[in-house]
2 protein chains.
Amino acid sequence: MGPVTDLLPDARADTRARVEQVALDLFTRRGFEQVTADEIAEAAGISRRTFFRHFATKADAVWGDFASHVARLDRLLGAADDGQPVLASICAAYVQVNDYAAEDLPVLRQRMTMILREPALQAHSQVRYADVDRVVARHVADRTGERPDALLPRLVATSSRAAATTAFEVWLADGTTSLADDLHAAFAQLAAGFPTLRAH
Amino acid sequence: MGPVTDLLPDARADTRARVEQVALDLFTRRGFEQVTADEIAEAAGISRRTFFRHFATKADAVWGDFASHVARLDRLLGAADDGQPVLASICAAYVQVNDYAAEDLPVLRQRMTMILREPALQAHSQVRYADVDRVVARHVADRTGERPDALLPRLVATSSRAAATTAFEVWLADGTTSLADDLHAAFAQLAAGFPTLRAH
DNA sequence: GTTGCCCGTGGCACTGGGTGTCACTAACGT
DNA sequence: ACGTTAGTGACACCCAGTGCCACGGGCAAC
């Protein structure tokens with residue numbers, strides 16, 4: 001094989017993206033655990049060793065460039081309007097980070113279905129979410145003057161992530177709603193302390 | 001080795017508990033990933049194969065009898081007072097399930113420190129928590145008349161679990177507070193929609 | 001008591017994820 | 001032309017987890 005020096009400037013990123021799509025398709029068709037790293041590598045035309053140089057774990061092939069999403073979330077929170085409630089800022093940031101173009105929605109569905117349904121990926125997701133939580137907790141800490149590891153910042157971070165993942169699940173299961181609407185609905189419940197629950 | 005037919009009626013459960021403690025100690029001393037299944041088996045005086053008959057995965061050796069805790073949570077929720085708010089029932093159930101005797105607190109600390117700090121165990125925990133969430137979501141659904149996979153039941157389940165784990169983290173980090181107090185504090189914030197956050 | 005069954009156990013081989021190392025080669029600057 | 005750098009493939013290795021088989025002790029039925 002060897003580097004073909006495509007006409008493109010960054011062959012590395014290109015290879016990575018290709019392998020990612022190949023892996024995602026295999027996973028979707030046959031299930032995450034049923035596909036071996038060897039098979040992905042062969043289908044993508046690279047060696048097993050090279051696969052693991054592009055992705056630290058098999059699970060990482062599903063997550064795309066998640067780090068840049070976290071970084072974007074961080075920037076959005078940093079630029080948030082201090083006048084609005086903290087939860088509103090967080091909700092808006094989550095909505096913006098997950099504002100995909102219509103043509104990208106199918107791939108997003110594919111990815112998220114996998115992540116939320118496959119046990120091995122559910123497990124892996126916890127580690128990724130920890131990064132998100134750190135960013136959100138820091139923002140809450142900045143806004144309230146507390147330390148990032150105090151109860152409130154931590155709690156707001158984990159429960160707003162809970163809101164986000166729940167919104168994703170409903171979005172996937174329903175199929176007719178818009179992700180942004182589901183996110184807003186979940187955050188509205190959270191910010192109001194689940195008002196409909198008090199009657200019971 | 002072979003079955004020694006101890007003086008105890010249930011040698012199996014006894015072995016399991018012994019292996020669990022041996023594993024927990026090794027993990028605490030050297031880190032979860034640095035301890036191999038072979039080493040645990042040898043230290044516990046059993047074969048590697050037998051270790052994996054008692055525990056499906058290495059991580060399971062840390063979790064004790066978690067299924068019975070979930071079952072207990074389920075019973076507590078089933079017997080909850082319909083007069084009080086749903087979140088109050090959930091909070092009370094969480095508090096009761098985590099009401100350990102003073103002498104058991106050190107082991108609990110050991111376990112939870114591991115689970116919350118070791119990446120491999122954080123990942124594994126997601127799968128365990130899913131069982132908890134199902135139980136809580138079903139209770140919320142019963143109380144509100146919604147389906148268990150609707151937004152509200154799911155969201156309440158995941159965010160009350162977020163409250164519980166956050167309380168655990170604060171409890172571990174602080175060292176002076178009581179777990180029950182931390183749980184109550186977290187649930188109070190959640191149920192009130194983070195009132196202190198609105199000012200900012 | 002001998003026979004047959006059940007079950008916990010150990011040994012062994014095998015799959016599959018992930019890593020360390022080395023050698024090859026193409027692109028690039030000087 | 002030269003050395004450097006970076007992506008790659010091949011190979012050996014570690015370790016978690018599994019399937020399979022064979023052993024051995026308790027325990028009933030006869």
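Remember, predicted model here, so these are calculated numbers, not experimental data. (Residues numbered from 1 in each chain as written. Chains lettered and ligands numbered in written order. Predicted model: local features only at pLDDT ≥ 70, side-chain atom pairs only at ≥ 80, totals over all residues. Heavy atoms only, no water.)

## Some remarks on the relation of the copies chain B and chain A
The criterion, for reference: A residue counts toward the fit only if its pLDDT is at least 70 in both copies, and the copies are then superposed by least squares on the C-alpha atoms of those residues.
By a simple turn and slide, chain B fits onto chain A: the slide is 0.0 Å along the axis, the RMSD is 0.1 Å, and the turn is 180°. Seen this way, the second copy is the image of the first under a two-fold rotation axis.

## Some details on helix H2 (residues 37–44) of chain A
Heads up, the rule is: With a 1.4 Å probe rolled over the protein chains alone, any residue whose accessible area is under 20% of its type maximum counts as buried; one over 50% counts as exposed, and the rest are partly exposed. Numbered from the N terminus, helices here are DSSP runs of H or I no shorter than four residues, and strands are runs of E no shorter than two. It is the directions from the helix axis to the C-beta atoms that the arc portrays.
Three or more residues of H2 of chain A are buried, namely Ala37, Ile40, Ala41 and Ala44 of chain A. Looking down the long axis of H2 of chain A, one finds its buried residues gathered within 95° of arc, a one-sided arrangement.

## Side note on the layout of surface pockets
To keep things clear, this is the line we draw: Both site types are read off a 1 Å grid over the protein atoms alone. A 1.4 Å probe that fits but cannot get out defines a cavity, while an open set with protein on both sides within 12 Å along at least five of seven lines defines a pocket; lining residues have an atom within 4 Å of a point. Grid points are joined across faces, edges and corners, and a volume is the space filled by probe spheres set on the points. Gly falls in the polar group here, along with every residue not listed as nonpolar (Ala, Val, Leu, Ile, Met, Phe, Trp, Tyr, Cys, Pro) or charged (Asp, Glu, Lys, Arg).
Approximately 1,300 Å³ is the volume attributed to the largest pocket. Lining the largest pocket are 48 residues, and of these Gln126, Tyr129 and Arg161 of chain A together with Gln126 and Arg161 of chain B lie nearest its centre. For the lining of the largest pocket, the elements supplying multiple residues, two or more each, are helix H6 (105–117), helix H7 (119–144) and helix H8 (151–174) of chain A together with helix H6 (105–117), helix H7 (119–144) and helix H8 (151–174) of chain B. No other element matches H7 of chain A, which puts twelve residues into the lining of the largest pocket. Looking at the lining of the largest pocket, its residues break down into 20 nonpolar, twelve polar and 16 charged. When its volume is computed, the second largest pocket comes out at roughly 600 Å³. For the second largest pocket, the lining is made up of 25 residues, of which Phe66, His69, Asn98, Tyr100 and Leu108 of chain B are closest to its centre. Those elements that place two or more of their residues in the lining of the second largest pocket are helix H4 (66–78), helix H5 (86–97), H6, H7 and H8 of chain B. The residue makeup of the lining of the second largest pocket, split by class, is 15 nonpolar, four polar and six charged.

## Brief notes about the protein's contact with DNA strand D
Formally: Whether a residue is near a molecule or strand is decided by its heavy atoms; if any one of them lies within 4 Å of it, the residue is near. By the criterion applied in these results, polar contacts are pairs of N or O atoms within 3.5 Å in which, for protein atoms, one can donate a hydrogen and the other can accept it, and in which residues neighboring in sequence qualify only through two side-chain atoms.
Surveying the vicinity of DNA strand D reveals 19 residues, the closest of which are Thr50 and Arg53 of chain A together with Arg48, Arg49 and Lys58 of chain B. When atoms of DNA strand D within 4 Å of the protein are sorted by moiety, sugar and phosphate together comprise 49%. Between DNA strand D and histidine 54 of chain A there is a distance of 3.0 Å, counted from a phosphate oxygen to a side-chain nitrogen or oxygen. Contact distances for DNA strand D include 3.1 Å between a phosphate oxygen and a backbone N or O atom of alanine 37 of chain B. For the surface near DNA strand D, the secondary-structure elements that each account for two or more residues are helix H3 (48–54) of chain A together with helix H3 (48–54) of chain B.

## Focus: the side chain of serine 89 of chain B
Residue and element names in this part refer to chain B. Spelled out, the test is: In this description, contact between two residues means that some pair of their heavy atoms is separated by no more than 4.5 Å.
For serine 89, the location among the structural elements is in helix H5. We classify serine 89 as buried; its relative accessible area is 2%. Within the local environment of serine 89, its side chain forms a polar contact with the side chain of arginine 143, the two groups lying 3.2 Å apart. Setting aside anything within four residues of it in sequence, one finds serine 89 in contact with Leu77, Ala80, Asp81, Gln84, His139 and Arg143.

## Some details on the domain arrangement of chain A
All names here are of chain A. Let me state the cut-off plainly: Each domain span listed reflects an automatic or database assignment of domains. The term buried area refers to how much accessible surface (probe radius 1.4 Å) is lost by two components on association, counted for both of them together. Salt-bridge detection follows one rule: a side-chain nitrogen of Lys or Arg within 4 Å of a carboxyl oxygen of Asp or Glu.
Its domain assignment divides chain A into domain 1 (11–61) and domain 2 (66–197). Domain 1 and domain 2 are separated by 27 Å when their C-alpha centres are compared. Contacts between the two partners involve twelve residues from domain 1, matched on the other side by nine residues from domain 2. Taken together, both faces of the contact between domain 1 and domain 2 bury some 890 Å²; the carbon and sulfur share is 58%. Our enumeration of links across domain 1 and domain 2 arrives at two salt bridges. Here arginine 128 makes a salt bridge to aspartate 60, at a shortest N to O gap of 2.0 Å.

## Side note on the interface of chain B and chain A
Between chain B and chain A, the residue contacts involve 41 residues of the former and 40 residues of the latter. Here chain B meets chain A over a buried area of about 3,300 Å², counting both sides, of which 71% is carbon and sulfur. Joining chain B to chain A, the criterion identifies two salt bridges. Among the salt bridges present, the one from glutamate 169 of chain A reaches arginine 154 of chain B, with a minimum N-O distance of 2.7 Å. Summed over the shared surface of chain B and chain A, the number is four residue pairs in polar contact (both at pLDDT 80 or more). Broken down by secondary-structure element, the contributors of at least two residues to the side of chain B that touches chain A are H5, H7, H8 and helix H9 (179–192) of chain B.

## As for the packing of H6 of chain B against H8 of chain B
Residue and element names in this part refer to chain B. For the record, the criterion: Axis angles are defined between N-to-C directions and span 0 to 180 degrees, where every axis is a line fitted to C-alpha atoms and, for a helix, only to the segment in contact. Should an angle fall under 35 degrees it is taken as roughly parallel, and over 145 as roughly antiparallel, whereas 65 to 115 is taken as roughly perpendicular and any remaining angle as oblique. The handedness criterion is simple: a crossing whose near helix is rotated anticlockwise from the far helix by less than a right angle is left-handed, and one whose near helix is rotated clockwise is right-handed.
At a closest axis distance of 10 Å, the pairing of H6 and H8 adopts a crossing angle of 115°. Taken as axis vectors, H6 and H8 run roughly perpendicular relative to one another. In terms of crossing hand, the pair formed by H6 and H8 is left-handed. In contact with Leu105, Leu108, Arg109, Met112, Thr113, Leu116 and Arg117 of H6, H8 contributes Phe168, Glu169, Trp171 and Leu172. Among the residues making up the contact of H6 with H8, the classes are represented as seven nonpolar, one polar and three charged.

## Remarks on the side chain of serine 160 of chain A
Relative to the assigned elements, serine 160 of chain A resides in helix H8. Here serine 160 of chain A is in contact with Ile90, Tyr94, Val136, Phe187 and Leu190 of chain A, once residues within four sequence places are set aside.

## As for the pattern of salt bridges
Residue and element names in this part refer to chain A. The final tally for this structure, using the stated rule, is 20 salt bridges over all chains. Salt-bridge contacts for aspartate 133 lead to arginine 161; the nearest nitrogen and oxygen are separated by 2.8 Å. Of this pair, aspartate 133 sits in helix H7 while arginine 161 sits in helix H8, and the two are 28 residues apart along the sequence. Judged by its relative accessible area of 13%, arginine 161 is buried. A cluster of three or more residues bridged by salt bridges with shared partners is formed by Arg16, Glu20 and Arg111.

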